[in-house]
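What follows is each chain in one-letter form.
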Amino acid sequence: MIVLKSDDEVRVMRRAGRVVAEALQRLGERVAPGITTGELDRFAEDFFRRRGAIPAFKGYNGFPASICTSLNEQVVHGIPGPRTLKAGEIISIDVGAVVDGFYGDAAATFPVGQVEPEVERLLATTREALARGIAQARVGNRLSDISHAIQTWVEAHGFSVVREYVGHGIGRAMHEAPAIPNYGPPGRGPRLKPGMTLAIEPMVNAGGCEVVTKDDHWTVVTADGEWSAHFEHTVAVTADGPLILTALEEEAAG
Ligand code: MG
C-alpha cells in the first residue's frame, strides 16, 4: 500500500530533506585526493547530530556507518573506512536522515579531482536521468513513466541501468511501497497522486547492467568492473508538479 502524506507531513519531510541535501553538499565539498571514506562518514555523523537528525543508515539491517561510500566500480552500499580517495576516481555518496520521524534520502556521485571525459559523461548522464525521472513524477502519470524516462535516457547514451536495486516510496520508513525500477515500459503501475513521496535513484553502469555483492555482504559492484554512478532525490508528487524534498533551495523540476 502506498502511504499518502498530508501537506503537513510533506513539510516535515522537506525539513528532513534539507538536512540531507546540506549534508550531501558539504560532503561533496570535502571530496578530494587524500581524504578517507571514514573521515567523510565521521563528518556526516557529526553534522546530523548537530542538526538534531538521526543518520538513517547506521544500524539499518546492521549497516555499520552513517553514509554509504561507493568508489568507481562499486555501485551502492560501500562501507566507509580507511580507503583514501585518489585523483581521477569517483565516489558515490548516499545519505539518509530522520527528522521528526520522517526520512530523507539522497545520493550523488562526485569526481575526485580531474576525471576522464568518459567518466564525466557517465556522471552527467546519470544526473540528467534523475532529472528526467523526476520530471515524470506528476499527478496523472503512472509510476513506470518515471522508470521509462530514466532507462530511455541512459541507454540512448550507451550506458546501462542496474536492475537488482530500485528506488522506493519513503516517509515514516526509509523503504515504503512502491518499488521504482529504473527501467521498463511507460504507462504501467499505479497512477501518481498528490502526497506520494518517492526516492528516485538511477544507478547507471558504464558497461553491462549486471552487479554482484562482495564478501562483506554490503558492497555492490559491477560484474564487469566498469564504473558506476548513482544520483538520488526524495521527491513529493504535488498538484503543482514534483517537489524535490532533498534540494538545498526550493526547486520545482521539469
Ligand atoms: Mg534510496
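Owing to the predicted nature of the structure, the values given are computational and were not obtained by experimental measurement.

**A word on the overall build of the chain**
Working step 1: When its secondary structure is counted, the chain shows four helices and 15 strands.
Working step 2: In terms of overall dimensions, the chain has a C-alpha envelope of 45 × 45 × 30 Å along the principal axes.
Working step 3: Counting the 254 residues in the chain, one finds 55% classified as buried.
Working step 4: Long-range pairs, those at least 24 residues apart, make up 70% of the contacts in the chain with a sequence separation of at least 6.
Working step 5: When the accessible surface of the chain is summed, it comes to about 10600 Å², and 51% of that surface belongs to carbon and sulfur atoms.
Working step 6: For the chain, the centre of its 25 positive side-chain charges and the centre of its 33 negative side-chain charges are spaced 5 Å apart.

**Description of the packing of aromatic side chains**
We describe a pair of aromatic rings using the distance from one ring centre to the other and the angle between the two ring planes.
Working step 1: Throughout the structure, instances matching the rule amount to three aromatic pairs.
Working step 2: Taken together, a centroid distance of 6.2 Å and an interplanar angle of 20 degrees make the contact between Phe43 and Phe47 stacked. Within this pair, Phe43 and its partner Phe47 are both found in helix α2 (residues 37-50), separated by four residues, close to a single helical turn. The pair Phe43 / Phe47 is uniform in exposure class, with both members buried.
Working step 3: With 6.0 Å between their ring centres and 65 degrees between their planes, Phe47 and Phe48 make a pair best called edge-to-face.
Working step 4: Owing to a relative accessible area of 1%, Phe47 belongs among the buried residues under this scheme.
Working step 5: Phe48 sits in the buried class, given a relative accessible area of 0%.
Working step 6: Lying over the aromatic face of Trp153, Arg132 brings its terminal NZ or CZ to 3.7 Å of the ring centre.
Working step 7: Lying over the aromatic face of Tyr183, Arg163 brings its terminal NZ or CZ to 4.9 Å of the ring centre.

**Comments concerning the coordination of the magnesium ion**
Working step 1: Ligation of the magnesium ion by protein atoms is provided by Asp105 (OD), His168 (NE2), Glu201 (OE) and Glu232 (OE), these donors lying 2.1 to 2.4 Å from the ion.
Working step 2: His168 gets classed as buried once you look at its relative accessible area, which sits at 5%.
Working step 3: On the accessibility criterion, Glu232 (0% relative accessible area) is buried.

**What about unusual backbone geometry?**
Glycine aside, the phi torsion of most residues is negative, and most peptide linkages are trans.
Working step 1: For the peptide bond that leads from Ala177 to Pro178, omega is 0 degrees, which places it in the cis range.
Working step 2: In the Ramachandran plot, Asn72 falls in the positive-phi region, its phi being about 55 degrees despite a non-glycine side chain.
Working step 3: On the secondary structure map, Asn72 appears in the loop between β2 (67-71) and β3 (74-76).
Working step 4: Even without being glycine, Asp100 reaches a positive phi, approximately 50 degrees.
Working step 5: Its place among the elements puts Asp100 in the loop between β4 (90-99) and β5 (102-111).

**Here's the deal with a negative patch on the surface**
Working step 1: A cluster of like negative charges, contributed by Glu164, Glu210, Asp224 and Glu226, occupies part of the molecular surface.
Working step 2: Within the element layout of this structure, Glu164 appears in the loop between β6 (160-161) and β7 (167-169).

**Thoughts on the pairing of β2**
Working step 1: Counting buried positions along β2 gives five out of five residues, so the element sits mostly inside the fold.
Working step 2: Going residue by residue along β2, you find Ile67, Thr69 and Leu71 tucked away on one face and Cys68 and Ser70 tucked away on the opposite face as well.
Working step 3: With five bridges joining them, β2 and β4 adopt antiparallel strand pairing. Bridge pairing in β4 places Cys68 opposite Asp94.

**Observations concerning the confidence of the model for the chain**
Working step 1: Confidence in the prediction of the chain, expressed as mean pLDDT, is 97, and 98% of residues score 70 or more.
Working step 2: Summarising per-element confidence for the chain, the mean pLDDT is lowest in strand β1 (residues 54-55) (96) and highest in strand β13 (residues 228-230) (99).

Definitions and limits used
- Residues numbered from 1 in each chain as written.
- Predicted model: local features only at pLDDT ≥ 70, side-chain atom pairs only at ≥ 80, totals over all residues.
- Heavy atoms only, no water.
- Helix = DSSP H or I, 4+ residues; strand = E, 2+ residues; numbered from the N terminus.
- Buried < 20%, exposed > 50% of the residue type's maximum accessible area, 1.4 Å probe, protein only.
- Contact = heavy atoms within 4.5 Å.
- Areas by Shrake-Rupley, 256 points an atom, 1.4 Å probe, with all protein chains shown as cover.
- Lys, Arg positive; Asp, Glu negative; His and termini not counted.
- Charge placed at Lys NZ, Arg CZ, Asp CG, Glu CD.
- Phe/Tyr/Trp six-rings, centres within 6.5 Å; stacked < 30°, edge-to-face > 60°.
- Lys NZ or Arg CZ within 6 Å of the ring centre and 35° of its normal.
- Donors = N, O, S within 2.8 Å, 3.2 Å for Na, K, Ca; no water.
- Patch = residues over 30% accessible without salt bridge, like charges linked within 9 Å, V, L, I, M, F, W, Y side chains within 5 Å.
- Salt bridge = Lys/Arg side-chain N within 4 Å of Asp/Glu carboxyl O.
- Pairing = 2+ DSSP bridges.
- pLDDT = per-residue confidence, 0-100.

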